[in-house]
Amino acid sequence: MLLAHIPHYPNRDTTIWLLISLILVSIPHITRLPFWVPLVLVSLLALRYFAITKWAKLPSATVQFFLALLVVAGIFIHYKTLMGRDPGVALLVALCGLKFIEMKNRRDALLLCFLGYFLIITNFLYSQSIPTALYMGLVMIITTGTLISLAHSTQELSHKKRFKLASILLLQGLPIMLLLFVLFPRISGPLWGLPKDAHTGQTGLSDRLELGTISELSLSDEIAFRVEFKDNIPLPADRYWRGPVLWNTDGKNWHSGFQRNIENPPLKVDYLGNPYHYTLTLEPNGKPWLLALDIPTQAPDTIRSRLQHDLQILAQRPIQYRTRYELTSYSYYRIDHLTDNSDADDLKRLDFYLRTALQLPDNWHPKTRALGEQWRARYENPMDIVNQALIYFNQEPFYYTFLSPLMLTDPIDQFMFEMRRGFCEHYAAAFTVLMRSAGIPTRIVTGYLGGRINPVNGMLIVRQRDAHAWNEVWLEGQGWVRVDPTGAVSPERIEQGIDTALSSDFPELLNPFQDMLLGEWLQQLQDRWDAVNSLWNQWVLGYDAQRQKSIGHWLNLGDIDWQELTVGLVLGVSVILLGLLWWLLRPQYPPNIDPAHVLYLRLCRRLARLGIERAPCEGPLHFAQRVSRTYPEWASKIQYATELYIKARYQAHPSPDILPKLRAAIRQFI
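Residues numbered from 1 in each chain as written. Predicted model: local features only at pLDDT ≥ 70, side-chain atom pairs only at ≥ 80, totals over all residues. Heavy atoms only, no water.

1. Topic: the side chain of Thr15
By the element assignment, Thr15 lies in helix H1 (residues 12-26). Among the residues examined, Thr15 registers a relative accessible area of 1% and is labelled buried. Residues within four places of Thr15 in sequence aside, it is in contact with Pro10, Arg48, Ile52 and Phe100. (Helix = DSSP H or I, 4+ residues; strand = E, 2+ residues; numbered from the N terminus. Buried < 20%, exposed > 50% of the residue type's maximum accessible area, 1.4 Å probe, protein only. Contact = heavy atoms within 4.5 Å.)

Structure (structure tokens):
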């Protein structure tokens, strides 16, 4: 038999609540799953609904079993595994649909509700944004309303009341949730690990540079990091954020080529100008480097990291979570690898680095190398060669563009003598080949340039499209000196940012309404939204042990440890539970009590104090007659008050002034 009897549990209303909750919780996953998984879910939900309305019949248990096998096999074939975030979510969504048609009793329905709660959590594996949190809050209310529907099988609650009751239940749990969030002792790092595929899709700089890779980042509007300066804010042209430093090349690709644990030579850094003290919040990128403004004085002490010999900061582990650290940097400096205490070994290490910064692959870039050698023969001073290269980029018909043509043979020679259209990495790579050919040690530094200050909170926001590449040359007596050849071609890129520099290629990068009142209003709206997102990232997503300690300092409690936090957590939860207990055990009054009845009870209490107590079984008219017989002088008053009470209580449409009259009549018995 291939068709099953229609199950009787749960009823139609509860089934619809459950169906809606499963659809709502699965909607954000639609674009993340194989196309057929959402189709399977919707088909199974629809089949169950039509079975309830007698328009269809459910498949038998045998058919359901083979259908489950097909779903599991399909997911395994698609992902090549059943482990990990993506296959796990796909399997959970599909199995919810299968369980929906297999549901027979209360236990099955409760299990589906709890799977719905679990699906809510899975959405946060992909996004922890404010809209996601608000949407999942709504889904949680619907799922809780489904539980209420299961508990009230008699359906005496309307849909509106179920929704309201679910909202109240969740709001009642909010104080304890906030207390747990704030006071639960935090440890350095996440409380749990995520599957490896949970970190796929992260964008950012790479430790390998191929011409065109940075320009691809310029299409991304994602935030790379946020910076909060404590005092001075550097000018836009001085906002060089240092990332991977590239030394070696095979002709097409550039990479570091050094082991991270190589012994650093002693550095002599003369910091010039004003220091910049700042706190940087780095978005997860799956890479080990920590961005820093130009030359940092040291690696952050809150993260296991190391300041390398080329002044890039490498963390011990890849950045898989939002990371916050404090640094001090200088934009003006003088770097030398030798100090007053340098010995022969230091000289050897310096010679090794300088020779590395002169290497070029054999049989590559012959035309560019010939030009560099020509300048070497013409100029004695290395700085004159550097300036000649910048003049060459400025005066020859080079064009700064994101839409650089494809260069398949020799990318440097093609760029220098044929295409002459390229992005910052084209100019940085070509400049490196020219300088090394002229005998000047040169390396490529990748990172970000610029960023925009949000006027709402004063925080600098640097996006992926601000990615940049520049150079550092070794000049005798000056050490490593920063040179940005992009500035010779597109000075507006350095001074005004990427949006202005590429406005000819992508006019949509500029706000089309920027010269209008609407454009100003849209920009203010975006700034406020960015400020709210920043608070969300800082105090919710980035709430760590450091933030927890800062609250202790704000409350003048000093450095609070995990034992004190635990005591505070227990006390806080106890106070909330005691308050809830008082609320539940407080004197109860009948809901929606009739105000006329309240006034009449007041009259009875006053007469009782005068010696006439109304019997529980005595009606108002009988009581009034007894009062009149006992005290004839009160007969007219008690009869009048009783008549008003009966009208106010039992008349279909009593006069609006009847309650004031009743209140006035009762006052006569004082």
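Alright, that's what it looks like, and here's the rest.
2. Thoughts on the sheet that holds strand S3 (residues 208-210)
Note on sheets: strands pair through backbone hydrogen bonds, and any given pair is parallel or antiparallel. The antiparallel open sheet is built from three strands, whose spatial order is S3-S7-S6. Looking at strand neighbours, the two that pair on one side only are S3 and strand S6 (248-249), the edges of this open sheet. By the bridge criterion, three bridges tie S3 to strand S7 (residues 253-255) in an arrangement that is antiparallel. Each bridged residue has a counterpart across the sheet, and for Glu210 the counterpart in S7 is Asn253. Most of the contacts of helix H13 (residues 424-437) go to S7, to which it runs at about 80°, and overall it touches S3 and S7. (Pairing = 2+ DSSP bridges. Axes fitted to C-alpha atoms, helices over the stretch in contact; angles between N-to-C directions.)

3. Digging into the environment of Arg528
In this fold, Arg528 is placed in helix H17 (residues 517-541). When the C-alpha atoms of Arg528 and Val456 are compared, they prove to be 6.3 Å apart, with 72 residues separating the residues in sequence.

4. Regarding the pattern of salt bridges
Across all of its chains, the model carries 20 salt bridges by this definition. In this structure, the salt-bridge partner of Arg482 is Asp294, at a minimum N-O distance of 2.2 Å. Taken together, the residues Arg482 in strand S23 (residues 479-483) and Asp294 in the loop between strand S11 (292-293) and strand S12 (295-296) connect sequence positions 188 residues apart. The class of Arg482 is partly exposed, set by a relative accessible area of 23%. (Salt bridge = Lys/Arg side-chain N within 4 Å of Asp/Glu carboxyl O.)

5. As for the packing of aromatic side chains
Counted according to the given criterion, the structure contains 27 aromatic pairs. Each member of the aromatic cluster is reached from another via a ring pair, and the members are Trp375, Tyr392, Phe393, Phe398, Phe415 and Tyr427. In this structure, Arg443 packs its charged tip against the face of Trp480, placed 3.9 Å from the ring centre. In this structure, Arg482 packs its charged tip against the face of Tyr240, placed 4.1 Å from the ring centre. (Phe/Tyr/Trp six-rings, centres within 6.5 Å; stacked < 30°, edge-to-face > 60°. Lys NZ or Arg CZ within 6 Å of the ring centre and 35° of its normal.)

6. So, a positive patch on the surface
Together, Arg602, Arg605, Arg609, Arg663 and Arg667 make up a region of like positive charge exposed at the surface. Looking at the positive patch, the elements with two or more residues in it are helix H20 (595-609) and helix H23 (658-667). If one sorts the elements of the positive patch by residue count, H20 sits on top with three residues. Inspection of the secondary structure puts Arg609 in helix H20. A residue is classified by how much of its surface remains accessible, and Arg609, at 64% relative accessible area, is exposed. (Patch = residues over 30% accessible without salt bridge, like charges linked within 9 Å, V, L, I, M, F, W, Y side chains within 5 Å. Areas by Shrake-Rupley, 256 points an atom, 1.4 Å probe, with all protein chains shown as cover. Lys, Arg positive; Asp, Glu negative; His and termini not counted. Charge placed at Lys NZ, Arg CZ, Asp CG, Glu CD.)

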